[in-house]
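Each chain, letter by letter, is given below.
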Amino acid sequence: MSVLVTGGAGYIGSHTVRELIAAKLNVIVYDNLSTGHQEAVPEGVLFVRGDIHDGQLLARTMKEYEVDSVVHFAAASLVGESMTQPSKYYNNNVAGTLALLDAMLAAEVGQIVFSSTAAVYGEPEGWPITEAAAVSPTNVYGRTKLMIEQMLADYSRAYKLAYVSLRYFNAAGAAEGGKIGEDHSPETHLIPLILKTALGKRSSIDVYGTDYATPDGTCIRDYIHVVDLADAHVKAVGHLAAGGASRVYNLGSENGYSVKAVIERAKLVTGVDFSVREAERRAGDPAVLVASSARIADELGWKPRSSELEAIIGSAWEWHRSHPEGYVNTN
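Residues numbered from 1 in each chain as written. Predicted model: local features only at pLDDT ≥ 70, side-chain atom pairs only at ≥ 80, totals over all residues. Heavy atoms only, no water.

**Section: the pattern of salt bridges**
All chains considered together, the criterion is met by 13 salt bridges. The residue Arg305 makes a salt bridge to Asp228 at a minimum N-O spacing of 3.5 Å. Here Asp228 lies in helix 7 (residues 226–241) and Arg305 lies in the loop between helix 9 (294–300) and helix 10 (309–322), a separation of 77 residues in the sequence. Classification of Arg305 as exposed rests on a relative accessible area of 56%. (Salt bridge = Lys/Arg side-chain N within 4 Å of Asp/Glu carboxyl O. Helix = DSSP H or I, 4+ residues; strand = E, 2+ residues; numbered from the N terminus. Buried < 20%, exposed > 50% of the residue type's maximum accessible area, 1.4 Å probe, protein only.)

Encoded structure:
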């Protein structure tokens, strides 16, 4: 079975490529390297450098390599940037996915696993959040992902396209051995920012808001190890290959950790007592975001294997210590 992975040179994409290979699947990585890294693609894996908007190249690639399924990561994903540059996000995410879906129809590829986000929920009314919760994204990034989910449902009805949409909570960590990890520019995720501070790459870590209705006043989030996230994609590919119905699943650990708790655990893991600053709240940050992953556990048998926060931070620390400048010889 052959799988095309769009955005396969990115953080989550590169980890998923390795899990797909471990599952004995043939993998083709398709990436324009605008944010991904060539070094994250394993040696020997077929790599096609191309843009998600290039429907002709996509269709030709899928036909040439007899692709059976697509795992779709390619997207712009910075929440703050999405609010100041909505054109970029609607063009990259929505129009780009439209080009991909039409290329799949042209190549007669009928299965896709989509990288969605918990941002589709917006400000949740309660937690843990189930897939039945209301969807009302508060930022452009989340709106583009929700639009794509709606596109998938429409293509499924009209063209019999089978899909699984995976709504991530907070991906973190790195593959065992520290060979690949998280390297974004700019970096906006809490754990890598903390670890860059521990490495001395930043002077301090900012805590945005200490007056939330939580036990210590800081936001609570659900962190999931990136390898567990990748494993869920493999299971989703297998579900569709076996003729499974189109589904939407949350992916989280079902555990919530506050910003202060993450910082304290990181200090223990790294052995570094780095500087922490309190700052004003950021607009649109919900107090608590914790997933219910019961549906995918019941239906696909998926459960996170590395849900302990120390294990997640420890694996990320191994990557950042061995790659203090990230991927340095890329693109």
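**Some points on the packing of aromatic side chains**
All chains considered together, the criterion is met by two aromatic pairs. A centroid spacing of 4.9 Å and a plane angle of 45° characterise the contact between Trp319 and Tyr327, whose relative ring orientation is tilted. Accessibility expressed as a relative area gives 7% for Tyr327, which makes it buried. Positioned above the aromatic ring of Tyr212 is the side chain of Arg281, whose terminal nitrogen or guanidinium carbon lies 3.9 Å from the ring centre. (Phe/Tyr/Trp six-rings, centres within 6.5 Å; stacked < 30°, edge-to-face > 60°. Lys NZ or Arg CZ within 6 Å of the ring centre and 35° of its normal.)

**Observations concerning the sheet that holds strand 9 (residues 220–221)**
Note on sheets: strands pair through backbone hydrogen bonds, and any given pair is parallel or antiparallel. Spatial ordering of the open sheet is given by 12-9-14, a layout of three strands whose pairing is mixed. Each of the sheet's edge strands pairs with one partner strand only, and the pair in question is strand 12 (257–258) and strand 14 (288–289). Sheet analysis places strand 9 next to strand 14, joined by two bridges and oriented parallel. When the bridges of strand 14 are listed, Ile220 appears paired with Val288. (Pairing = 2+ DSSP bridges.)

**Some points on the packing of helix 4 (residues 86–107) against helix 5 (residues 140–159)**
Relative to each other, helix 4 and helix 5 sit at 20°, their axes nearing to 9 Å. With respect to helix 5, the element helix 4 is oriented roughly parallel. The chirality of how helix 4 crosses helix 5 is right-handed. The residues of helix 5 that touch helix 4, namely those facing Pro86, Tyr89, Tyr90, Asn93, Val94, Thr97, Leu98, Leu101, Asp102 and Leu105, are Val140, Tyr141, Arg143, Thr144, Met147, Ile148, Met151, Leu152, Tyr155 and Tyr159. Of the residues in the contact of helix 4 with helix 5, the class split is 15 nonpolar, three polar and two charged. (Axes fitted to C-alpha atoms, helices over the stretch in contact; angles between N-to-C directions. Parallel < 35°, antiparallel > 145°, perpendicular 65-115°, else oblique. Left-handed = near helix turned anticlockwise from the far one by under 90°. Contact = heavy atoms within 4.5 Å. Nonpolar A, V, L, I, M, F, W, Y, C, P; charged D, E, K, R; others polar.)

**Re the side chain of Glu182**
As for its placement among the helices and strands, Glu182 is situated in the loop between strand 7 (170–172) and helix 6 (190–198). Here Glu182 is buried and forms no salt bridge, its nearest opposite-charge partner Lys196 lying at an N-O distance of 9.3 Å. There is a polar contact of 3.4 Å between the side chain of Glu182 and the side chain of His184. For Glu182, the residues in contact, after removing those within four places along its chain, are Tyr11, Glu187, His189, Pro192, Trp319 and His320. (Lys, Arg positive; Asp, Glu negative; His and termini not counted. Polar contact = N/O pair within 3.5 Å; in protein donor to acceptor, adjacent residues only side chain to side chain.)

**Quick word on unusual backbone geometry**
The step from Trp127 to Pro128 runs through a cis peptide bond, and the omega angle for that step is 0°. As for its placement among the helices and strands, Pro128 is situated in the loop between strand 5 (111–117) and helix 5. Note that the residue after Ser185, namely Pro186, is joined by a cis bond; omega there is 0°. With respect to the secondary-structure elements, Pro186 resides in the loop between strand 7 and helix 6. Unlike most non-glycine residues, Glu66 shows phi in positive territory, near 50°.

**Some thoughts on empty space enclosed by the protein**
Tallied over the entire structure, the rule returns one cavity of 30 Å³ or more. Lining the largest cavity we find Gly173, Ala174, Gly181, Glu182, Ile191, Pro192, Leu195, Ala316, Trp319 and His320. Those elements that provide at least two residues to the lining of the largest cavity are helix 6 and helix 10. Its residues assigned to classes, the lining of the largest cavity shows six nonpolar, three polar and one charged. (1 Å grid on protein atoms, 1.4 Å probe; cavity = no way out; pocket = protein on both sides within 12 Å on 5 of 7 lines; lining within 4 Å. Points joined across faces, edges and corners; volume = space filled by probe spheres on them.)

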